[in-house]
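# Structure assessment
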Amino acid sequence: MKCEHKTANIWNPEMECIDREELKKIQSERLKKTVKRVYENVPLYRARMDEKGVKPEDIRGVDDLKYLPFTDKPDLREGFPYGLFAVPKHDIIRIQGSSGTTGMPIVTGYTKNDIGVWTEMAARSVTMAGGTADDIVQICYGYGLFTGGLGLHQGATEVGAMVIPMSSGNTQRQINMMQAMGSTILCCTPSYAMLIGETIRDMGIDPGKLKLKAGIFGAEPWSENMRARIEELLGIDALDIYGLTEMAGPGVSCECLYKNGMHVNEDHVIPEIINPETLEVLPYGESGELVLSTITKEGTPLLRYRTHDLCRLNVEKCECGRTNVRMDRIKGRSDDMLIIRGVNVFPSQIETVLMEIPNASPHFMIVVDRVGPTDSMQLQVEVNDEIFADTVGQMQTYKKMIAEKVKSTLGLSADIKLVPPKSIPRFEGKARRVLDNRKL
Ligand code: DLL
């Protein structure tokens, strides 16, 4: 592991190392302005706040955050495409969307200022990984609606690094470029970093001969074991980065080289931890669901947005000197969303697809595995007697039809297995439709 660059700079020491009382004042001012703006411009917030009997002037600072209503993914789906925009379309210069469905995407709009804020958060992240104008940053997150590619691209550009906008895929070509250009920082999902590392090993390349020093990996859950494996395969410091489309994208938080939690950019986003059952706010240090409020976003500001990501917040000052709160690694989700090969999948989407297919039942099981560094998804679908009595050829055609429909709706390939009637377990309470065998 190469740690000699641990004394890396801090991109914005004024904000990242701010006195916490001072920070609270800034957050309070920004929160008040955001509340006023959404109340005046977004019908959903006005209705929710009126329902709770809360007026913008009741929110006098961060301590009053708890009086505000929550927002959640369905609000964004229902508001699609422009329902939650707080500024006229004229002021929006970019749209980004979630990596999940092609059916009902989630989109957020950015004003010029929003792009600036997001760029700043990503620049802080690249700097946390030791990135400077002397670095060569290879970005293998997807470019497009997904925020990974463009987010890190903007951040690395802001830092002045040389950016190689590879996007994902074509692993051998990635490695050839990495060798030829002398890339020093790699940005991709942790599972793709594993694949790159294993391919480098299989190609007989000595990782010590590469110029790579650090990796900025996120967009899906991973573990300390996986970190150790990637660091060994690539000879780098592997850092965790967190973000979500709804909050701008990657850079909500990122680890510094001390690798002890992800520093949250609290001057732009306020984190809270709640008990997902009772919705009660929990103190720092307790595990629960992460709830985020944007306090500088203009295009699509979101207050008390339920991420459904489970983690813990640590308010102790980090050895690196930053004072902002750190988020632990994401431990799981409080809803049933799965992330398979970087694509967000809800079991309910599979159910919707199956309901559109004649003779398929809504009884199914998703079995997720990790074969080497790649996720695989098997979809076990219960069919009726008529299909089950068909010839092998007819069953193959039927399977193909389901696979195509799943692919076109989710953008993911699944191995379809038809199972006999009544063979999938039935549940009286919440159905468990997912068997996740991945050891992350
Ligand atoms: O995944 C943004 C991103 C891009 C983050 C590149 C980091 C790097 P979405 O596609 O909207 O946005 O998915 C957001 O992904 O709610 C988490 O469940 C999960 N996620 C993101 N980062 C991490 C991470 C991007 N470091 C959803 N660890 C979030 C675990 C993560 N889960």
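Use the structure listed above.
Quick look at the structure, then. For clarity, every value in this text was computed on a predicted model and none was experimentally measured.

This paragraph deals with the overall build of the protein chain. Across its full length, the protein chain carries 12 helices and 22 strands. Along the first, second and third principal axes, the C-alpha set of the protein chain runs to 70 × 65 × 40 Å. Buried residues in the protein chain amount to 55% of all 440 residues. Across the protein chain, contacts joining residues at least 24 apart in sequence account for 66% of those joining residues at least 6 apart. Only carbon and sulfur atoms are counted for the fraction: they give 52% of the accessible area of the protein chain, which is about 18900 Å².

To continue, consider the pairing of strand 10 (residues 269–274). With respect to burial, strand 10 is a largely interior element, six of its six residues being buried. The alternating pattern of strand 10 places Val 269, Pro 271 and Ile 273 on one face and Ile 270, Glu 272 and Ile 274 on the opposite face, and all of these are buried. Between the end of strand 10 and the start of strand 11 (residues 281–282), which pair antiparallel, lie six residues, with Leu 279 showing a positive phi angle near 65°.

Turning next to empty space enclosed by the protein. Evaluation of the coordinates by the stated rule reveals four cavities of 30 Å³ or more. Size it by volume and the largest cavity reaches roughly 90 Å³. Val 117, Met 247, Ala 248, Thr 296 and Lys 297 are, among the 13 residues lining the largest cavity, the residues nearest its centre. In terms of residues, the lining of the largest cavity owes the most to one element, helix 5 (residues 112–128), which gives four residues. By residue class, the composition of the lining of the largest cavity is eight nonpolar, three polar and two charged.

Now for the pattern of salt bridges. Enumeration according to the criterion identifies 32 salt bridges in this entry. With a shortest N-O distance of 2.7 Å, Arg 124 and Glu 120 are connected by a salt bridge. Here Arg 124 and its partner Glu 120 are both found in helix 5, four residues apart, which amounts to about one turn of the helix. In this structure, Arg 124 and Glu 120 share a single accessibility class: buried. A salt bridge links Glu 272 to Arg 304; its shortest N-O distance comes to 2.9 Å.

What counts as what
- Residues numbered from 1 in each chain as written.
- Predicted model: local features only at pLDDT ≥ 70, side-chain atom pairs only at ≥ 80, totals over all residues.
- Heavy atoms only, no water.
- Helix = DSSP H or I, 4+ residues; strand = E, 2+ residues; numbered from the N terminus.
- Buried < 20%, exposed > 50% of the residue type's maximum accessible area, 1.4 Å probe, protein only.
- Contact = heavy atoms within 4.5 Å.
- Areas by Shrake-Rupley, 256 points an atom, 1.4 Å probe, with all protein chains shown as cover.
- Pairing = 2+ DSSP bridges.
- 1 Å grid on protein atoms, 1.4 Å probe; cavity = no way out; pocket = protein on both sides within 12 Å on 5 of 7 lines; lining within 4 Å.
- Points joined across faces, edges and corners; volume = space filled by probe spheres on them.
- Nonpolar A, V, L, I, M, F, W, Y, C, P; charged D, E, K, R; others polar.
- Salt bridge = Lys/Arg side-chain N within 4 Å of Asp/Glu carboxyl O.

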